[in-house]
Each structure stands twice: as C-alpha cells, then as structure tokens.
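Now for the letters of each chain:
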Amino acid sequence: DVTYMWIWNVPVTKELVDRELLEYKKAGINSLYIVPLPKDFRPESIRTFLEPEYMTEEFLDIVEYTVRKSIELGMKPWLYDEGGWPSGGACGITFRQNPGAKLKFLEKRKITLRGDKRFYPEDGFVALFRGKKRLPDNYIAAGDVELDAYYITERINDLNRVDYTDESVIDTFINNTYEKYKERLGDLFGDSLPIIFTDEPGLMRDSIATDEFALFEKRFGYDLRNFLYVIEDSGKLCETEEEIQARIDHGILLGELFKKNTFEKLSNWCENAGIYFSGHLDIDNRPHGGMVKCTFSMIDALRSFHVPAVDLIWEQIRYPYGGRVPLDDETLGFGFFPRLASSAARQCGRNVSATESLGIFGDGLTHDEIRYVTNYQIMRGINAVNYGSITLGKSRASCLLTRPNFRPEKPGFYNMKEFNEYFARLCYLARLGYVVGDTAIYMPCRDYWAGPDAVDDANISFKELGTALEEKNIPFDIIDDAGILMAEDTGDGLKLGDAIYRHIAVPDCKYMPYDVKEKIAPYLGQGKSEYNFKNKNLRSMTRKLSKDVLFFVFNEGE
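This text gives an overview of the structure that appears in the document. (Residues numbered from 1 in each chain as written. Predicted model: local features only at pLDDT ≥ 70, side-chain atom pairs only at ≥ 80, totals over all residues. Heavy atoms only, no water.)

What the protein chain contains, in helices and strands, is 16 helices and 21 strands. Its C-alpha atoms put the protein chain at 80 × 60 × 45 Å along the principal axes. Taken across its 558 residues, the protein chain has 59% of its residues classed as buried. In the protein chain, the proportion of contacts linking residues at least 24 apart, taken out of those at least 6 apart, comes to 77%. Surface exposure of the protein chain reaches about 23,100 Å², of which carbon and sulfur atoms provide 49%. In the protein chain, which carries 70 positive and 88 negative side-chain charges, the distance between the mean positions of the two groups comes to 2 Å. (Helix = DSSP H or I, 4+ residues; strand = E, 2+ residues; numbered from the N terminus. Buried < 20%, exposed > 50% of the residue type's maximum accessible area, 1.4 Å probe, protein only. Contact = heavy atoms within 4.5 Å. Areas by Shrake-Rupley, 256 points an atom, 1.4 Å probe, with all protein chains shown as cover. Lys, Arg positive; Asp, Glu negative; His and termini not counted. Charge placed at Lys NZ, Arg CZ, Asp CG, Glu CD.)

We now examine the sheet that holds strand 16 (residues 488-489). One open sheet accounts for three strands, arranged 16-17-18; its pairing is antiparallel. Among the strands making up the open sheet, the edge pair consists of strand 16 and strand 18 (499-501). (Pairing = 2+ DSSP bridges.)

Here the residue pair Glu 51 and Pro 52 is connected by a cis peptide bond, since its omega of 0° sits within 30 degrees of zero. Tracing the backbone through its elements, the reader meets Pro 52 in the loop between strand 2 (32-36) and helix 2 (57-72). Each neighbour pair has its own omega, and for Arg 403 with Pro 404 the value is 10°, a cis peptide bond. Notably, Asp 206 is not glycine yet its phi reads approximately 70°, a positive angle. One can find Asp 206 in the loop between strand 8 (195-199) and helix 5 (212-220). Residue Asp 206 is classed as buried on the basis of its relative accessible area of 18%. Not every positive phi belongs to a glycine, and Phe 296 is a case in point at roughly 65°.

Pairing is antiparallel across the open sheet formed by three strands, whose spatial order is 13-20-21. Looking at which strands have only one partner, the edges of the open sheet turn out to be strand 13 (434-435) and strand 21 (549-555). Pairing of strand 20 (residues 538-544) with strand 21, which is carried by seven bridges, proceeds in the antiparallel orientation. Residue pairing for strand 21: Lys 544 is matched across the bridge by Val 549.

Tracing the chain through its elements places Arg 339 in helix 9 (residues 339-347). Exposure remark for Arg 339: the relative accessible area of 10% places this residue in the buried category. Reaching out from Arg 339, the side chain makes a polar contact with the side chain of Glu 470 at a distance of 3.0 Å. One polar contact links the side chain of Arg 339 to the main-chain carbonyl oxygen of Phe 476, over a distance of 2.9 Å. (Polar contact = N/O pair within 3.5 Å; in protein donor to acceptor, adjacent residues only side chain to side chain.)

So, on to helix 1 (residues 14-26). Between the first and last C-alpha of helix 1 there are 19 Å, a value that for 13 residues agrees with the 18 Å anticipated at 1.5 Å per step. Restricting attention to buried positions, one finds in helix 1 the residues Leu 16, Val 17, Glu 20, Leu 21, Glu 23 and Tyr 24. Down the axis of helix 1, the buried set is contained in an arc of 160°. They therefore lie on one face. Opposite the packed face of helix 1, turned more than 90 degrees from it, sit the exposed residues Glu 15, Arg 19 and Lys 26. Looking at the buried positions of helix 1, the neighbouring elements they touch are strand 1 (2-8), strand 2, helix 2 and strand 12 (384-391). Positive phi shows up at Gly 28, right after helix 1, with a value of about 75°. (Expected span 1.5 Å × (residues − 1). Arc of directions from axis to C-beta.)

What follows is about a nonpolar patch on the surface. A contiguous nonpolar surface patch, about 260 Å² in accessible area, is contributed by Tyr 531, Phe 551 and Val 553. Inspection of the secondary structure assignment puts Tyr 531 in the loop between helix 16 (514-520) and strand 20. (Patch = residues over 30% accessible without salt bridge, like charges linked within 9 Å, V, L, I, M, F, W, Y side chains within 5 Å. Salt bridge = Lys/Arg side-chain N within 4 Å of Asp/Glu carboxyl O.)

Moving on: the pairing of strand 11 (residues 354-357). Of the two faces of strand 11, the one carrying Ala 354 and Glu 356 and the one carrying Thr 355 and Ser 357 are both buried. By the bridge criterion, four bridges tie strand 10 (residues 307-312) to strand 11 in an arrangement that is parallel. Residue pairing in the sheet places Ala 309 in a bridge with Ala 354 of strand 11. Relative to strand 12, strand 11 runs parallel, the two being bridged by four bridges. Bridge assignment links Ala 354 to a residue of strand 12, and that residue is Ala 384. Crossover connection from strand 11 via helix 10 (residues 367-378) to parallel strand 12: handedness right-handed. (Right-handed = clockwise from strand over helix to strand, strands pointing away.)

Let's shift gears to the pattern of salt bridges. Summed over the entire model, instances satisfying the criterion amount to 40 salt bridges. Across the pair Lys 259 and Asp 300 runs a salt bridge, and its minimum N-O distance is 3.0 Å. In this pair, Lys 259 sits in helix 6 (residues 241-273) while Asp 300 sits in helix 8 (residues 298-302), placing the two residues 41 residues apart along the sequence. Asp 300 carries the same exposure label as Lys 259, and that label is buried. Across the pair Asp 300 and Arg 303 runs a salt bridge whose closest N-O atoms are separated by 2.9 Å. If you follow the salt bridges from partner to partner, you end up with Glu 57, Asp 61, Glu 64, Arg 68, Arg 184 and Asp 187 in one network.

The following block contains the structure:
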C-alpha cells in the first residue's frame, strides 16, 4: 500500500543491501522497488556509478538477492521495468537489439527550386508541397519557387524513449527486461512480488508511427500525405474542417497503436505471468497531455493497466500555506487529474489505483505537506502510494537531484514508521466496498488534437467544469469517447465496469463524435452534492459497504 522508489546509483554489494534494508524496516518501510540508474543514463546531467552493469548476469544476481532478502524481512517489493526512465529502451539495450526502435519524426525542409529544375528527393522523402498544395514527386518548377519537402527521419532522443507504436520494439523490450526478471523471480510473482511498474512512456511531438501512411489509409480511407502540414507545430496550420479531421485521425491512429502495441502487450504479458501491471503516463496532469505525448486519450491508455497510476513528483499539487493555491496553474494542469487513474480502474472493474509522488518536491518537504498531497489524491480515488525516493548510499549526485531523499541520515527518518502505518491503513480503508457516485465528466480528446485554439478552449472549460463539481462535493469520474462507446446503456445509465453513470457532464467542445453525442443525450447533466459543508474547503468521499458506508472528509484549506 505504501512503497518507495529505491534508486541504485552506486556500486551494489550484498553487505550494503543487507544494512540498508534493516534500516528501512526500522522506519516502517514494508515495500520498495529498485530503480537502477546505469552509468549510460543521462551521463551529462545525472552522473551515476552503478555496478554491476545494468541487466548483466551479475546485476540480475544482486537484484534477485535483494528481492528475496526483502521478502525474508517481511516486505512486499515491486519490480521496475527500466534503467532510469522513461520505460522502453532498457537504457540502450533495446536500440542495440532492434534498429527499428528509433523514433520516427516528420521533418519539413524548405527548399528553393530554380526555373526548369526538377525536384530530386533524398532518402526518407514523403511529399512535396507549395503552401498547402501537394505537388507531384517529380515536380519541375516553371520559375524560381519556395517549396516544403517533408521527410521521415529517425533519431534517438535518449536511450530509453523508443517507437512505442511498433510491436516488434516492445517485444524486444519484453525479452530484454520482463523475461529476464521472470527467469530469476517468476516463482515469486503474485502474493510475494505483486507489481511491475512502467514509467511514463510517451512519444514526442511530430512523431510518425511505423508504416503510418499505409495504416492510416486502411483505417480512415484517405491519404494522410495530402495533409502533412497539419502534423507540425501542434496543428497551427489547421483551418478547414477537412484539415482538422486529418489531424484528429492522425492522433487517433497514434493512440490506438500506442495502446495496442505497448500498454496492452505489456499488460497481457503480466497477466500471463501472474503479476500486476502498473505505471503512469507522461504529462498526465494536463488535460491535453494525451496530445503532447501521443496517447490520444490518457484514460483509454490507463484502462490497459491492472493498477493505473498518476504522476505527482513535481509540485502539481502543493500544500496551500502562505496564501498560495493547491494547484500550480503554471503547469496548465487540472487539480482533479488523480481521477484519471481511479476512473480507469473503476471502468475496468478494478479496485486499486496508485500515485507516484514527491520525487522532486525538494528537501524542504514537511510531514504535513506529504500528508496533504497524499490525502488530496486519496480523496480523488487513489488508494496505493508510491513515494520517491531513497538512494542506495548517501553519496553521489543522485542524492542531490532526487529530493526528498528518505535516507536514515535525514532528521525524521525513523518517525516515518507511524507515517507509513497511517497511509497503509488509509489506503486499505479507501479500497473497501464500492465508490459512491454516478456522474462522469467527458474528456474532449478530439478537441485537444484540433489545433491550438481548440486546445486552449477545451482545457479551460474542462478544468472549470471539474473544479466546479469538486467544489459542490459531487463525486465524479472521467470518461472519454472509447469508454462511452464501450459502456452498456441500461436505460438507467451507462454501465462500464463497476460504474453506472446516470449523469454525463460535458465541457465546451466542438468535435465530439455523433455516435457519442447520441449515446449520452439521455444522461446529460450532473448528479447531486453528497454533502454541503459550511466550510467551503472541505471535500468528501464515500465508499459503500454491504451494510454501512465509510465517510472520508478532508480540509483542503491551510
């Protein structure tokens, strides 16, 4: 219920592992997972000294020893699937084993073609444009002309970020990490070793899927190469409905391939191996994060996880002392984003959702602030807590870069015992029974792909609507197009997993599909407030038991 990221940044020995595990037990830490930082992981910004070398037999030996030793001490460890982050590259191993793992990007090159000269494309050429008009590939200029030539380029942005749309790449990643851990620790998968955690996979802006143009035409029936300009600069050149639709369809395809070839593949592997698949997406605190990192719909991607999670390692939510507000608006975020994970779990008939929190909040973090940030998320459905971080040993740069650092040398470290027991108990209580609430807020994912103006309008309306529901203490989930279309219309609401939504609250949006509009039409609106408090800073959450209810209340003021 409460686990810690254990960063391995120095040479690892059995003696060091034994000594540190005993200290963690004294502080009431009953679960942790190893986050290896290999020497090749960002050597210019995070210099690390990990030995043995990542994913060698010697490294796997010490990982196996550590996991089994922690279980002997009564801990319930997790696994982490990467060397550093984000997950996918195995810190360069995936690229060495699979050249197709490189990210593919659309690149525009401006050229000047002189009169009577033929255009000769270079390797990777896709299409030639004059303005928004596509020209023949063998175009001959009648006079001097400025043109845009579009190419597909491949590059490695870092050693971990791969082409998540390519099934063969994720197969490679599974073989070089998941299968290796299963060989050593598969007998513990389940009760003793319950979870493997994947960390913020995401594509990059202007990404192109492997074989995208053929897949796009098969999926949507027209040629995306006629609209390549809609992909660049977050859709700034989108003007006509046809152009906007092309950009939306491009996003849909990326999201479908990402979900199928990464999240579903990893989840299916874990299910067959007897271990739960958990993790979180990147930039999940922003409504349009699914556009920025090409998952299209964040909540649809999270429905692939057995234990969906969110990321709160920055100050996305913060303790409101000194008059500051809990939500850091500079992030363009929305304060109810933990509901992404809890909604995804509920919509799949699951009962656990997690948070990765605190990793770089800084050394000035107090117990009150930790309590505030964690309670804030639990009130929004989170019921498993993953804190960052602890470094292995008290030296080297990682101790300074990943703060707070819950080391035994730090004041208050052993007071964490009562703290960990408190949150373990609270997480347990927050999983009992069933969620009370029959309202869902619609997430307009298509609007986030329809160009910058649509993004801004949808972000503001979505955030304002969800915030207003929270201020009224109306319990709600988040739902998207895919969830609505999957849901069973019972006549009394839309049933999806363990949820029945009798009310769908819709923010201002322009690009909701017709079949979605038709399905939610009988249920438009919002439910009733659970409780009305004189103190407007109080928030409530209720879980229904077989005979009684559990009532949670939290003061979100200072």
